[in-house]
Amino acid sequence: MKLAIFRTLTPLLLASLLGAALAPAWSDSYILSQGQETKPPQGAPATQGPKRALKVEDYAQWESLGAAAISPDGHWFAYTVNKVDMDGYLVVKNCDAPQQALTPLGTGPRFSDDSKWVAYSIQVAKKDAEALREQKKPVENKLALRELATGAERILEGVQSWEFTKGGGYLVALRYRPATRQTGGSDLSIFDLKAGSALTIGNVVSFNIHKDGGLMAVGIDSGGDQKGVQVYDFALGRLRDVRFQKGNLGLISWAEKAPILTFLAGTTDPKKEGAANVIYRATGFDKPAITVASFDPAADSRFPKGFRIAEFAALQQNEKGDIVAFGIKEWEDKKEDKAKPEEKPNVDVWHYKDYDLQPYQQRVLEQTKRETYLCLWRPETNTFTQIGSPEVKSVRLIGNFQTALWENTEPYEDPTRPGGIEYSDWYVVDTLTGHRTRFLEKRQFGPTPSPEGKFLAYYAQKAWWVYDVAADKARNLTQGIKRDFWDTDDDHTIKEKPAASFPVWLNDDAGLIVGDKYDKWLFDPAAGKATQLTDGKDDHVEFQVVNPGFSDEGLRITDPLYLRAFDEKTKKSGYLRFDPGAKEGKMLVLDDSSLGQLRRAKDVDRMIFTMQSFEKSPSWQLTNEQFSAIKPLARTNPQQAEFLWGKAELVDFKSKWGKELQGILYFPAGHEAGKSYPMITYIYEQLSDGFHNYAMPSPWGSYNMQHWIQQGYFVFMPDIAYRDRQPGVSAVQCLEPAVQAVLSKKVGVDPAKVGLVGHSWGGYQTAFVPTQSNVFAAAVAGAPLTELITMYNSFYWNAGITDQVIFESSQGRMEVPWYEDIKAYTDNSPMWNAKNLNTPMMIAFGDSDGAVDWHQGQQFYNTLRRMGKQIIMLVYPGENHGLAKRPNQLDYAHRVRHFFDVYLKGAKPEKWVTSGVPAVQKGKEGG
């Protein structure tokens, strides 16, 4: 199959795919909710007079798409719209008629299975929510329930969680606990949508509806000693007690394919930490009396002494409900500590034998305290098996709990961690006998189990393998296929490159899909037979499997497969369909825009997807499975038609060592041929694949591309590739030819007014490049790395890990520690090359930056200041790697914009640019 057969989407009138369209009973084409005079956009407004560029005060009205859903019958669609700096809204509309309703602050729409109802949360307005938080009052959402045939909407106050039952007959809503109560539960409302009646259960702390929708387990807590579990039968309208007792009520779990309920309940011991929990298993909900069995550790000699069942570990059942999984941990004594805090030493011991460093240990301390060991109980035979232990951690269940996967890192826990790579041995564990079989040894990449657990797919030796658990045999699936199944674009300094794509299993273990950079193959995991699904390599088209939702059970071999297509050269995107038994796929569409979020109506041949480009604001579109017709369902930002807009072009160039690369050149709004403009170059590794991304304006976005475009700048976003141990030099050798490629287009970029900006890793290269090149007239570096040796020896505090790993095997691309190649570290450090800097530069840090130690900024600032270089450093107290406080975001955005305006446009500089802001003047005079 070659891709010359593709079609480009054009807006067509979608013929009824379902026969006669549903005749809505709504009396108006627009139904007002919550009393707000806001209507969803219907298209471009009529413009009067000449278009103008955006002003910052215009940005607040800009919209983006949020959550969306299509009804199972394909007739109804609901979507949310978010705004840059205002409250958003939700729209429910008929796909076949003009009727629609808007609800301000609506979010999270869900349709009932029978397509008769839609429900959604209603949030509190931003300003009101902020005020409530300042007053330390709860912020409580509402729930809206709308009948689609009539448009009637019912608002329920104070709903924290809700759910439709399978089939759509009932809606269950759990209210917030009243502020007057400090303990206990709240009201649970059950709405019979057919009968129009409602039932309320009081003192509910949790509910869990069985997958088939017939039964619901309810956790009860009246606020006193008694807690318990009840089960509600929807068909009979009957609530039955399962168990009540004094003590604690824990997790509740249903078996997926059987009406079997398990839950934890326990009693406390004043001398012990945590409760002594018992597992209860309830069956016989279709009988006069419910049968309740239990697993009580205190009454079972097989249970390890000194341990208990932990309430914070997952309580799970397999599909049939004949195996219950849970976690145990040591039952520790409560320790009475009479010493005052000021009388106790406070020290952390950092030892050279620590594999997990102290910062990481501190970060995961609470998680470590809650570490448990996996155990299984088989109620029908009353069999207890302990799988996990202090030696056997990182265990997860597969194959309907018949098998477990154990990742063992202990043999390779070397504190020196050469190259920063972590290795593991992998075992399959028989959960009945506890027998372990090692099937992978010293592997960097782990396995992906099949849905039924019969097979394990893994990537090794540049090939895809499948391990048959029962046969204890592995098969090289891709042997003989002359393709590179490793990521050929990966330029990190690691010995074994990762796979080009992730494996995708079909339901029931019926097939496995793997691929190279471009194409995908479907394999029979048992026989190894391969079917090539796509053929995009020659056309540079990449394919990725998507799941539009033909089944709730995942991808099935009997359903058509859909794959998203992406042309790496033109950035077009689209979809290919591969039908069961077909010899080749059919390219449905490849459009000069970005298509995504493909979803199918559950019961009919209708699909929705999003479409956007730089010039076309994101929209939801309606189509069918063959993409033979299309029409828009929801558009955003019709006001764009009133304003000048830029355009985007791809720029091809080569690095100085000959690697082919691309960049995105955005033209200023209202660009005039023959006129000269400044240009801002924004960098962060590979960016050109975002060619069709719509650019939202933002008043607080520090590096907001749309703002610069609207203010008369070209904006350039080039790709950067890397050579080993040369991250900074590589950037220079990509950026200089990239900018030259733009200048050679002769579209009006002033070569003397080109700026450079980047954040974090992009900030590092922004700080380094001007020490090697005079291409850029001004530079802004947010949170930049400036001295690679000290950065190598610092910590990524946000994660608690050492930056050594990042430098040797990840983004740093330095391959070896600094003491093995000092020259490479100094040659690529802005600090060591600072004397060559001739470019005015501004850097910015939060003094609580947990990604790039802000001392990197101090060192660079002090060095450049001592040299008499033009350097400004902005420091935001209490801020991390990215600014979180809105006033700080607005401040930094202003300063970045003004800095470039001064050095690239000749704007009159504010005082903070020319002479700084004394501490006594902080908060005044622009500072």
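Residues numbered from 1 in each chain as written. Predicted model: local features only at pLDDT ≥ 70, side-chain atom pairs only at ≥ 80, totals over all residues. Heavy atoms only, no water.

Student: Outline the sheet that holds strand β40 (residues 573–578), listing residues and values.
Tutor: With antiparallel pairing, the four strands of this open sheet are ordered in space as β38-β39-β40-β41. Because the sheet does not close on itself, it has two edges, and the strands there are β38 (541–546) and β41 (586–591). Direction aside, the axes of adjacent strands within the sheet are offset by 25 degrees on average. Here β38 runs beside strand β39 (residues 561–567); their pairing, made up of six bridges, is antiparallel. Bridge pairing in β39 links V545 to L563. (Pairing = 2+ DSSP bridges. Helix = DSSP H or I, 4+ residues; strand = E, 2+ residues; numbered from the N terminus. Axes fitted to C-alpha atoms, helices over the stretch in contact; angles between N-to-C directions.)

Student: Explain the nonpolar core to me, using residue names and the numbers behind them.
Tutor: Generally speaking, soluble globular proteins have nonpolar side chains that are buried together. Grouped together as the largest cluster of nonpolar side chains are 55 residues, with contacts concentrated most on L665, M679, F714, L785, F807, M841 and F860. At nine residues, helix α5 (residues 727–743) tops the list of elements feeding residues into this core. When sequence neighbours within four positions are dropped, the list of residues in contact with L785 reads S760, W761, Y764, M791, F807, P830, V852 and Q856. (Core = buried A, V, L, I, M, F, W, Y, C linked by side-chain atoms within 4.5 Å. Buried < 20%, exposed > 50% of the residue type's maximum accessible area, 1.4 Å probe, protein only. Contact = heavy atoms within 4.5 Å.)

Student: Describe the packing of α5 against helix α6 (residues 761–768), with residues and values.
Tutor: Across the interface, α5 lies against α6 with an axial gap of 9 Å and an inter-helix angle of 75 degrees. Compared by their axis directions, α5 and α6 come out roughly perpendicular. Two secondary-structure elements touch here, α5 through P727, G728, V729, A731 and V732 and α6 through W761, Y764, Q765 and F768. Among the residues making up the contact of α5 with α6, the classes are represented as seven nonpolar, two polar and no charged. (Parallel < 35°, antiparallel > 145°, perpendicular 65-115°, else oblique. Nonpolar A, V, L, I, M, F, W, Y, C, P; charged D, E, K, R; others polar.)

Student: Which residues make up the pattern of salt bridges, and what values do they have?
Tutor: Once their charged atoms are close, side chains differing in charge can pair, the charge on each being opposite to the other. With the rule as written, the count across this model stands at 38 salt bridges. R146 serves as the salt-bridge partner of E153, at 3.1 Å between the closest nitrogen and oxygen. Residue class for R146 comes out buried when judged on its relative accessible area of 0%. Residue K272 is joined to D333 by a salt bridge in which the shortest nitrogen-to-oxygen separation is 2.7 Å. Here K272 is found in the loop between β18 (261–268) and β19 (275–283), whereas its partner D333 is found in the loop between β23 (324–330) and α2 (358–363), with 61 residues between them in sequence. The class for K272 is partly exposed, based on a relative accessible area of 22%. Here the salt bridges do not stand alone but share partners, grouping R577, D579, R600 and E625 into one network. (Salt bridge = Lys/Arg side-chain N within 4 Å of Asp/Glu carboxyl O.)

Student: Tell me what's going on with the sheet that holds strand β32 (residues 463–468), and back it up with residues and numbers.
Tutor: Judged by pairing direction, the sheet is antiparallel, and its four strands sit side by side in the order β30-β31-β32-β33 without closing on themselves. Only two strands of the sheet have a single neighbouring strand rather than two, namely β30 (448–449) and β33 (473–476). Both β30 and strand β31 (residues 455–460) contribute to a ladder of two bridges, which runs antiparallel. Opposite T448, over in β31, you have A457 as the bridge partner.

All quantities given are derived from atomic positions and should not be read as evidence of function.
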